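Architecture and fold: a report
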Amino acid sequence: MPYRVVLVEGDPLMMDKLTDIIQNSPEFELVATYSRYDQALGQSAIHNPNLFLLDLENPILLENLHNFAKNFPKAKILGTISKWSEDFAYKASVAGIDGCIIKPFTPAEIFSAIELYAERGKKAPPRIISFFSPKGRAGRTTLAALMALHIARKSDESVALIDADLQFGDLPIFFDIQPEHSVVDATHDVSLLTPITFKPYFHKLSDRLYLLSSPDRPELAELVAVQDLINVIAMAGDIFRYVFVDLPTAFNPISVGVSEFSDACFVVSMINTNLEIIHMKRCLDMFEMDKHHGRKIYPVFTRVNPCNEEQREKMSLELGYDITAIFPNEYSLVSTANSGQILRHVFPKNNLMIQNVEKIAEQIMSNKM
Amino acid sequence: MKGQLGLRQSATPKTQVHHAATHALQSDGRSSVIISVFSTGSGIGKTVTAINLAASLANYGHSVCLVDLDLQFGDVVNYLRLQPNRTLFDACNDYKEDKKNFHIEDYLTPYTFETAGGNEVSFDVIAPPKTIYDAYTIEVAVVEKIIKRLKNFEFVICDLSAVFSALNIAVLDLSTVVNFMGVIDFMPSVKNFKLGYDTLIAFNYPESKIRLVENRSNSQKLISGSDVERVVGAKFYYNFPNDFPSASKSIREGKPLLAVAPDSALTRGIQSLAGMYSNRPQIEIEHVGAPSIFASVVKFVKDLLGIKSLAR
Ligand SMILES: Nc1ncnc2c1ncn2[C@@H]1O[C@H](COP(=O)(O)OP(=O)(O)OP(=O)(O)O)[C@@H](O)[C@H]1O
Ligand SMILES: [Mg+2]
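The structure displayed is predicted, hence computed values, not measured ones.

Time to look at the domain arrangement of chain A. Residues and elements named next belong to chain A. Taken as a whole, chain A is organised into domain 1 (3–120) and domain 2 (127–365). Taken over C-alpha atoms, the centre of domain 1 sits 35 Å from the centre of domain 2. On the domain 1 side of the contact with domain 2, W84, E119 and R120 bury the most area, a combined 55% of that side's loss. Connecting domain 1 to domain 2 are one salt bridge. The tally of links from domain 1 across to domain 2 stands at six residue pairs in polar contact (both at pLDDT 80 or more). Those elements that provide at least two residues to the side of domain 1 that touches domain 2 are α5 (86–95) and α6 (107–120). At seven residues, α6 tops the list of elements feeding residues into the side of domain 1 that touches domain 2.

This paragraph deals with the sheet that holds strand β1 (residues 3–8) of chain A. Residue and element names in this part refer to chain A. The parallel open sheet is built from five strands, whose spatial order is β2-β1-β3-β4-β5. One side of each edge strand has no neighbouring strand; the edge strands of this open sheet are β2 (28–34) and β5 (99–102). Sheet twist, expressed as the average angle between the axes of neighbouring strands with direction ignored, equals 25°. Two elements, β1 and strand β3 (residues 51–55), share four bridges in a ladder whose sense is parallel. Looking at β3, one finds that L7 is bridged to L53. Across the sheet, helix α1 (residues 12–23) is in contact with β1, β2 and β3; its angle to β2 comes to roughly 155°.

A separate point is the packing of α6 of chain A against helix α11 (residues 226–239) of chain A. All names here are of chain A. Following both chains from N to C, one finds α6 and α11 inclined at 90°, their axes separated by 8 Å at the closest point. Taken together, the axis directions place α6 and α11 in an arrangement best described as roughly perpendicular. Residues L116, Y117 and R120 of α6 touch α11, and the partners they reach there are G237, D238 and I239. Classifying every residue of the contact of α6 with α11 by side-chain character gives three nonpolar, one polar and two charged.

Next up on the list: the site of ligand 1. The full set close to ligand 1 counts 21 residues, and K135 and N272 of chain A together with K46, T47 and Y79 of chain B are the nearest of them. Close to ligand 1, residues of chains A and B are found. One of the backbone N or O atoms of V48 of chain B is found 2.8 Å from an oxygen atom in ligand 1. For ligand 1, the protein covers 96% of the area, taking 630 Å² as the surface of the free molecule.

Before going further, it helps to examine the nonpolar core. Among the nonpolar cores identified, the biggest contains 97 residues, and F68, F198 and F301 of chain A are the most heavily contacted of them. Two domains each put at least three residues into this core: domain 1 (3–120) and domain 2 (127–365) of chain A. Residues F38, V142, C158 and L167 of chain B belong to the second largest nonpolar core, which totals 53 residues.

Here we come to the pattern of salt bridges. All names here are of chain A. For the structure on display, the rule yields 28 salt bridges over all chains. Two residues, R312 and E309, come together in a salt bridge whose shortest N-O distance is 2.8 Å. Of this pair, R312 and E309 both sit in helix α14 (residues 309–319), separated by three residues, roughly a single helical turn. Taking relative accessible area as the criterion, R312 reaches 16% and is therefore assigned buried. Taken together, the shared-partner salt bridges in this structure form one network comprising E9, D55, E57 and K103.

Between chain B and chain A, the contact holds 44 residues from the first and 37 residues from the second. Regarding the contact of chain B and chain A, the summed buried area is about 3,400 Å², with carbon and sulfur atoms giving 58% of it. When the buried area of chain B at its contact with chain A is split by residue, S42, F73 and F186 of chain B rank highest and sum to 19% of it. Linking chain B with chain A are five salt bridges, by the criterion used here. Here K135 of chain A ties to D70 of chain B by a salt bridge, and the two come within 2.8 Å at their closest N and O atoms. The tally of links between chain B and chain A comes to 15 residue pairs in polar contact (both at pLDDT 80 or more). Considering every element that reaches the side of chain B that touches chain A, the biggest residue donor is helix α9 (residues 187–202) of chain B, with eight residues. Partitioned by chemical class, the residues of the side of chain B that touches chain A number 22 nonpolar, 13 polar and nine charged.

For the structure on display, the rule yields 31 aromatic pairs over all chains. When the ring of F132 of chain A is compared with that of F287 of chain A, the centres are 5.1 Å apart and the planes differ by 80°; the resulting orientation is edge-to-face. Residue F132 of chain A is found in strand β6 (residues 127–132), and its partner F287 of chain A is found in helix α13 (residues 276–289); the two are separated by 155 residues along the sequence. Through successive ring pairs, a cluster of aromatic residues spans F168 of chain A together with F38, F164, F180, F193, F203, Y205 and F236 of chain B. Lying over the aromatic face of Y205 of chain B, K209 of chain B brings its terminal NZ or CZ to 3.9 Å of the ring centre. The ring centre of Y237 of chain B lies 4.7 Å from the NZ or CZ of R211 of chain B, which sits over that ring.

This next bit is on a positive patch on the surface. A cluster of basic residues, K99, K100, K145, K148, R149 and K151 of chain B, forms a positive patch on the protein surface. By the secondary structure assignment, K151 of chain B is in the loop between α7 (140–148) and β5 (155–159).

This part is about the sheet that holds strand β12 (residues 296–302) of chain A. Residues and elements named next belong to chain A. With mixed pairing, eight strands are arranged side by side in an open sheet as β8-β9-β7-β10-β6-β11-β12-β13. Each edge of the open sheet carries a strand with a single partner, namely β8 (203–206) and β13 (325–326). Sheet topology places strand β7 (residues 159–163) next to strand β10 (residues 242–246); five bridges connect them, and they run parallel. Note on β10: the bridge partner recorded for I162 is V245. α11 contacts β6, β7, β9 (209–212) and β10 of the sheet and is inclined by roughly 150° relative to β10.

Criteria and thresholds
- Per chain, residue numbering runs from 1 following the sequence as it is written.
- Working convention: letters from A go to chains and numbers from 1 go to ligands, in the order in which they are written.
- Owing to the predicted nature of the model, reporting of local features is limited to residues with pLDDT of at least 70; listing and counting of side-chain atom pairs is limited to 80 or more, with chain, interface and lining totals taken over all residues.
- Each side-chain value is worked out from all heavy atoms of the structure, with water and hydrogens disregarded.
- These domain limits were set by an automatic method or by a database of domain assignments.
- As used here, buried area is the combined drop in accessible area, with a 1.4 Å probe, of two parts when they are placed together.
- We count a salt bridge whenever a side-chain nitrogen from Lys or Arg sits within 4 Å of a carboxyl oxygen from Asp or Glu.
- Identification of polar contacts relies on pairs of N or O atoms within 3.5 Å, with a donor-acceptor requirement for protein atoms, meaning one able to donate a hydrogen and the other able to accept it, and with residues adjacent in sequence counted only if both atoms are side-chain atoms.
- Strands are runs of DSSP state E lasting at least two residues, helices are runs of H or I lasting at least four, and both sets are numbered from the N terminus onward.
- A pair of strands is considered paired only if DSSP assigns at least 2 bridges between the two.
- What counts as an axis is a line fitted to C-alpha atoms, over the stretch in contact for a helix, and the angles between N-to-C directions run from 0 to 180 degrees.
- Contact between two residues is taken to exist if any of their heavy atoms lie within 4.5 Å; hydrogens are not considered.
- Roughly parallel refers to an angle under 35 degrees, roughly antiparallel to one over 145, roughly perpendicular to one between 65 and 115, and oblique to any angle outside these ranges.
- In this classification, the charged set is Asp, Glu, Lys and Arg, the nonpolar set is Ala, Val, Leu, Ile, Met, Phe, Trp, Tyr, Cys and Pro, and all remaining amino acids, among them Gly, are polar.
- Any residue with a heavy atom lying within 4 Å of a molecule or strand is counted as near it.
- Reported accessibility uses the Shrake-Rupley method at a 1.4 Å probe radius. Residues are deemed covered only where the shown protein chains occlude them.
- As used here, the term nonpolar core means buried Ala, Val, Leu, Ile, Met, Phe, Trp, Tyr and Cys residues forming a set that is joined through side-chain atoms within 4.5 Å.
- Under the scheme applied here, a residue whose accessible area is under 20% of the maximum for its type counts as buried, over 50% as exposed, and between as partly exposed, the area being computed with a 1.4 Å probe on protein chains only.
- Note on aromatic pairs: the rings of Phe, Tyr and Trp (six-membered ring only in Trp) are paired at centre separations within 6.5 Å, and the planes decide the class, stacked below 30 degrees, edge-to-face beyond 60, tilted for the rest.
- The rule is short: NZ of Lys or CZ of Arg within 6 Å of the ring centre and within 35 degrees of the ring normal puts a charge over the ring.
- Like charges are joined within 9 Å and nonpolar side chains (Val, Leu, Ile, Met, Phe, Trp, Tyr) within 5 Å, but only among residues with over 30% relative accessible area and no salt bridge; these make up the patches.
- Positive: Lys, Arg. Negative: Asp, Glu. His and the chain ends are not part of the count.
- The atoms used to mark charge sites are NZ of Lys, CZ of Arg, CG of Asp and CD of Glu.

Shown next as structure tokens:
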């Protein structure tokens, strides 16, 4: 069965072009074309369409985009734009349509877009979650990887890990891969990319779990401009429902810029001498100064012993901020992650570290965090 | 930070850099030996080493200044329980305001401890800024000037953070010796140690400037120091043993190892390295190292890092 297509397009020349493309493809049946939003919304139902191609550059249509999502919940709805724009993509996700496609497009590109957004999951804005730590070896990468893994397994939505620890990123080792592309290529190319052409830069780790690696030489880190990296993350958010970004340690232009762009940021520190509380406090004071950015800050500690609610409350009191979660010292797990076994390893159900990670992941999935 | 790492290799051939360094040393009349303690991974033991190198050199009778250049999350003041009046931040501000009336002595935090044998030992510390916000405003060029003002000290020890930042690179450039540390436990550590070493080599320093120091060398681990030496293609200059009780006692009590664990192997190790850096006759120290039984791990790391041949 071919897709029954409704095409809404304000530019007559583009309308001709797109009409041509769709009519010449046996996979599509063009059931109606409109240049105006109100007619399209009011009259389309009678044609029983299952694919909408909507001109997002029409301001009235863009404003009322959610009405298509509401009235045609079973149809695929793609917004058409002349050039990739994070802003349009974000508005499309808020309106609850499938996603965007750059026009003019080929029939194959329509299928690619449909497939891409079907794998993405819920038609909703992305969750961009960053992982910050004042010092290394805090368990930051392990936490990011375990949460991403859990969400990819338990939801039917897709998850991207982006290794933005540009000098010394460890995620490729955690997943035991030799990536073909890195953040450096992605930031270099981003102005020429679209979600469809960008997705192959990610290395598929398992079902619905993807990784964009850090470069393999520290000096390459210098080629990455913060704004380009933010553009990369924004586009990743259009391809994947969850984007987890592992930041470089301490405050620097990359960690500051990306954490500001994210909607939630985990600040990860380990407990060793207990002096780490001082560092965490300094971090949180710094984030507090910056809080107009609206992202939520979640302080967490790893290697806490004893790892129970009483301890969390005691530490929160000492810190002067509420600690979101504490994680126990789990040598076997650290060793598993550090030797590239994280994907293959089956963690025992009663593992406290895993249980605590999953609790957090569940809250992220239900938008409570 | 742009351009700090990548460009210098092609810009200056080795011999020129070497000459430039010697020349600068003579013309500004600097007489201190600057030892920077650096690693490309956190929690490697830089701060413990920096503090105890300073303490050991001071105990040998040298004048020593320990500069905490981990500006955002420095641990020297925490590990020694210092409450500095003035910090590097104040020093930088005042220097910029009025170079002529700037006296570095005004920004030193004195530290004195008693060794287990009853000796009183002192050295000075330059504390890092009090807030991260202050740390963020510090200019590399001014820090360089401040370090050069420490020329009356025989030894200046710089404790760094674990990245190639503009500040760290400037300090590495200024240093007489780079004490480059690694703990070789997991794959990421080996990778980061190797990448760090390669990057330092690409800076074209004279080879003897970089001293590889393995910390916690006899801890339980899958990869041995000698495997790493082969992967990195260079020998460790020194190994410190794993000695968690002494290291944590020193931090818990807020005093150098010489005060709280004078006879431990770690204390003797750091003392002995201080002796080597100050040309003292060597104390005998047993060499510790795990046997090389995990050849497959080496192969993995080798493949990972794209090393063609392990033969040297
Ligand atoms: N030889 C050793 N044996 C056992 N534990 C050690 C040894 N050296 C250091 N440690 C422990 O390792 C921890 C980290 O040491 P330290 O703070 O000196 O590392 P660092 O490299 O300065 O870390 P950072 O990069 O975070 O500043 C300390 O708790 C210390 O007790
Ligand atoms: Mg330190």
